[in-house]
Number of protein chains: 2
Amino acid sequence: MRISELSRATGVAIPTVKYYLREGLLARGNATAPNQADYVAAHAHRLHLIRVLREVGGLSIGRVAAVLAAIDDASLPRHELFGVAQRALAPPSAGSASAQVTLAEAEIDLFLADLGWEVSAEAPARRSLAEALVALRKLGRDCGAEVFLPHAQAAGHIAEQEVSGVGAEGDRAAAVEKLVVGTVVFEAALVALRRLAHEHYSGLRAALYTPGQ
Amino acid sequence: MRISELSRATGVAIPTVKYYLREGLLARGNATAPNQADYVAAHAHRLHLIRVLREVGGLSIGRVAAVLAAIDDASLPRHELFGVAQRALAPPSAGSASAQVTLAEAEIDLFLADLGWEVSAEAPARRSLAEALVALRKLGRDCGAEVFLPHAQAAGHIAEQEVSGVGAEGDRAAAVEKLVVGTVVFEAALVALRRLAHEHYSGLRAALYTPGQ
DNA sequence: TATAATGGATACTGCTACTATCTGATTCGG
DNA sequence: CCGAATCAGATAGTAGCAGTATCCATTATA
């Protein structure tokens, strides 16, 4: 497969493919001549993965690179895959937290302890949750971490099912990829479904179908 | 309150405040002299809202502007608020869908019908969900819309509680704002909680605490 | 009154994610 | 076997976004 076929097969423009090659996201094809290289199905798959992470997951190219590095790193022990994948997927938390956020993080820790959840102190999602709490307060809602209880229960439900569904089968790289794709794609799906459910449970369907009223 | 006090009170740099003024996200202060304007608490609140939508919600300035326009539009009837807010918050869906996505959308419609959910055909989240399904397929997972069933149930649960919690009290603008903030902030919280739950339910805590092994 | 800060306009910057162009092979249709 | 098209790779350029910086003629302040 030459670059133009790869491009056609995946729907990614040739200059973009070249850009990914330059950035090291995509391995170079097997060179058969100074200006001829052979790409195989694995290249097309990798290209699809890159695009899904970018477009569905909204990851930057740099973050995609980190995720791919985790997928490719054969030295990672299996039991660390989940953590590494999560860290690679996490948004680049803005350096040091404000005092408000640090305070909120402590509240979040208590909340998680009440739930019986054990998470590492470095989990990026801890910070995100604290920031969400601070956001609510800045906007005048005087609430504690317990506002998140319904969401925590729902999240716990899904996560339990998802984790049990990820078997140990397949090779290591395939397993990390599955983890990453699951995290990213089902997150997008969950968010979309919540919004659809909002629409359903609020009574706005009629309003949307008859916008004139 | 002068601009420097507004800046200090909210933690937003003065040039950034000026940028928001230029873009019309923030109303100008009441001018008391050619180079003196008075800002009030409402300005600080609006500034906080802008930052939350940007940083927690990840919205672009353009999208923030659309959301604020919906909040400020006094002519919107109350029963359309939810729909308008959702549309304003939605990511700018890339024009026309591919054939694959269009096909997936039909499957999603069936899936939603099976759930008994009634959503408008223009709901942007429908497209997002279809795109998630297409992403899974591009990566070699041969699955139907029913893979989303657990997520749909969880999303339904939360949405039901959230919708029932949003009363009709307060003035109209405050109500839309609450809707928007709830959608954005609890979405971020839900996503963070899912990741934390992943960490808890997979057995990776020990691995993270003793990374050397 | 000297110094600093203000509001507003205009111009500039840094970053990201591509695009475009160039070059010297190489392949392919006739 | 020849000329047009295509190729891989390198280098340079672009568009858009979200601020930043600078300038100006005031106005507040020590």
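Residues numbered from 1 in each chain as written. Chains lettered and ligands numbered in written order. Predicted model: local features only at pLDDT ≥ 70, side-chain atom pairs only at ≥ 80, totals over all residues. Heavy atoms only, no water.

**Quick look at the protein's contact with DNA strand C**
Right, so step 1: The immediate surroundings of DNA strand C are formed by 22 residues, with R22 and N35 of chain A together with I3, S4 and N35 of chain B found nearest.
Right, so step 2: In the model, a phosphate oxygen of DNA strand C is placed 3.0 Å from a nitrogen or oxygen of the R54 of chain A side chain.
Right, so step 3: In this structure, S4 of chain B approaches DNA strand C through a side-chain N or O atom, which is 2.4 Å from a phosphate oxygen.
Right, so step 4: Of all elements in the fold, only α2 (14-22) and α3 (41-55) of chain A together with α1 (3-10), α2 (14-23) and β2 (36-38) of chain B reach the threshold of two or more residues within the surface near DNA strand C.
Right, so step 5: Of the residues forming the surface near DNA strand C, the biggest block, five residues, is contributed by α2 of chain A.
Right, so step 6: A class-by-class count of the residues in the surface near DNA strand C yields eight nonpolar, seven polar and seven charged. (Near = heavy atom within 4 Å. Polar contact = N/O pair within 3.5 Å; in protein donor to acceptor, adjacent residues only side chain to side chain. Helix = DSSP H or I, 4+ residues; strand = E, 2+ residues; numbered from the N terminus. Nonpolar A, V, L, I, M, F, W, Y, C, P; charged D, E, K, R; others polar.)

**Observations concerning the side chain of R195 of chain A**
Right, so step 1: Counting through the fold element by element, R195 of chain A comes out in helix α9 (residues 172-201).
Right, so step 2: A residue is classified by how much of its surface remains accessible, and R195 of chain A, at 12% relative accessible area, is buried.
Right, so step 3: Residues contacting R195 of chain A, with those up to four places away along its chain left out, are Q86, L89, A90, A125, T183 and E187 of chain B. (Buried < 20%, exposed > 50% of the residue type's maximum accessible area, 1.4 Å probe, protein only. Contact = heavy atoms within 4.5 Å.)

**Overview of the relation of the copies chain B and chain A**
Right, so step 1: After a rotation of 180 degrees and a shift along the axis of 0.0 Å, chain B superposes on chain A with an RMSD of 0.1 Å. Such a combination of turn and shift is consistent with a two-fold rotation axis. If distances are taken from each C-alpha of chain B to the rotation axis, the shortest is found for A154 of chain B, at 2.7 Å.
Right, so step 2: Interface residue correspondence from chain B to chain A reaches 100%, placing this contact among same-surface, isologous pairings. (Least-squares fit on C-alpha atoms with pLDDT ≥ 70 in both.)

**Examining the interface of chain B and chain A**
Right, so step 1: Taken together, the contacts link 76 residues of chain B with 77 residues of chain A.
Right, so step 2: Summed over both partners, the interface of chain B with chain A comes to about 7,500 Å²; 70% of that surface belongs to carbon and sulfur atoms.
Right, so step 3: In this structure, the connection of chain B to chain A is made through six salt bridges.
Right, so step 4: Run the count over chain B and chain A and you get 20 residue pairs in polar contact (both at pLDDT 80 or more).
Right, so step 5: Counting only elements with at least two residues in the side of chain B that touches chain A, the list comes to α3 (41-55), α5 (81-89), α6 (99-115), α7 (124-138), α8 (149-165), α9 (172-201) and α10 (205-209) of chain B.
Right, so step 6: At 21 residues, α9 of chain B tops the list of elements feeding residues into the side of chain B that touches chain A.
Right, so step 7: By residue class, the composition of the side of chain B that touches chain A is 43 nonpolar, 17 polar and 16 charged. (Buried area = accessible area lost by both parts, 1.4 Å probe. Salt bridge = Lys/Arg side-chain N within 4 Å of Asp/Glu carboxyl O.)

**Describing the domain arrangement of chain A**
Right, so step 1: What the domain assignment reports for chain A is domain 1 (1-55) and domain 2 (93-148).
Right, so step 2: Computed from C-alpha coordinates alone, the two centres of domain 1 of chain A and domain 2 of chain A are separated by 41 Å. (Domains from an automatic or database assignment.)

**Here we look at the protein's contact with DNA strand D**
Right, so step 1: Inspection of the region around DNA strand D gives 23 residues, with I3 and S4 of chain A together with R22, P34 and N35 of chain B positioned closest.
Right, so step 2: What you see for DNA strand D is that sugar and phosphate hold 65% of its atoms within 4 Å of the protein.
Right, so step 3: Between a base oxygen of DNA strand D and a side-chain N or O atom of N35 of chain A, the distance comes to 2.9 Å.
Right, so step 4: Here a phosphate oxygen of DNA strand D and a side-chain polar atom of R54 of chain B are 3.0 Å apart.
Right, so step 5: At the level of elements, α1 (3-10), α2 and β2 (36-38) of chain A together with α2 and α3 of chain B are the ones that each hand at least two residues to the surface near DNA strand D.
Right, so step 6: It is α2 of chain B that provides the largest number of residues to the surface near DNA strand D, a total of five residues.
Right, so step 7: For the surface near DNA strand D, the per-class residue count stands at nine nonpolar, seven polar and seven charged.

**Section: the nonpolar core**
A general feature of soluble globular proteins is that nonpolar side chains tend to end up buried together.
Right, so step 1: By size, the foremost hydrophobic cluster in this structure holds 130 residues, and its most contacted members are F148 of chain A together with F148 of chain B.
Right, so step 2: Residues contacting F148 of chain A, with those up to four places away along its chain left out, are I108, F111, L129, A132, L133 and L136 of chain A together with F186, A189 and L193 of chain B. (Core = buried A, V, L, I, M, F, W, Y, C linked by side-chain atoms within 4.5 Å.)

**So, the confidence of the model for chain A**
Right, so step 1: Overall, the prediction assigns chain A a mean pLDDT of 90, with 93% of residues at 70 or greater.
Right, so step 2: Throughout residues 205-213 of chain A the model reports pLDDT below 50, and contacts reaching past four residues in sequence, or to other chains, amount to 14 contacts. (pLDDT = per-residue confidence, 0-100.)

**A word on the pairing of strand β1 (residues 30-33) of chain B**
Residues and elements named next belong to chain B.
Right, so step 1: Taken together, the three bridges between β1 and β2 define a ladder with antiparallel strand orientation. Within β2, the position partnered with A33 by the bridge is Q36.
Right, so step 2: Here β1 folds back onto β2 in antiparallel fashion, the turn holding two residues. (Pairing = 2+ DSSP bridges.)

**Some details on the pattern of salt bridges**
Side chains bearing opposite charge may pair, as long as their charged atoms lie close to each other.
Right, so step 1: Under the definition given, this model contains 18 salt bridges over all chains.
Right, so step 2: For R194 of chain B, the salt bridge is made with E162 of chain A, and the minimal N-O distance between the two is 3.1 Å. Placement of the pair is R194 of chain B in helix α9 and E162 of chain A in helix α8 (residues 149-165), with the two residues belonging to separate chains.
Right, so step 3: One salt-bridge network, in which partners are shared between bridges, spans E162 and E187 of chain A together with R194 and R195 of chain B.

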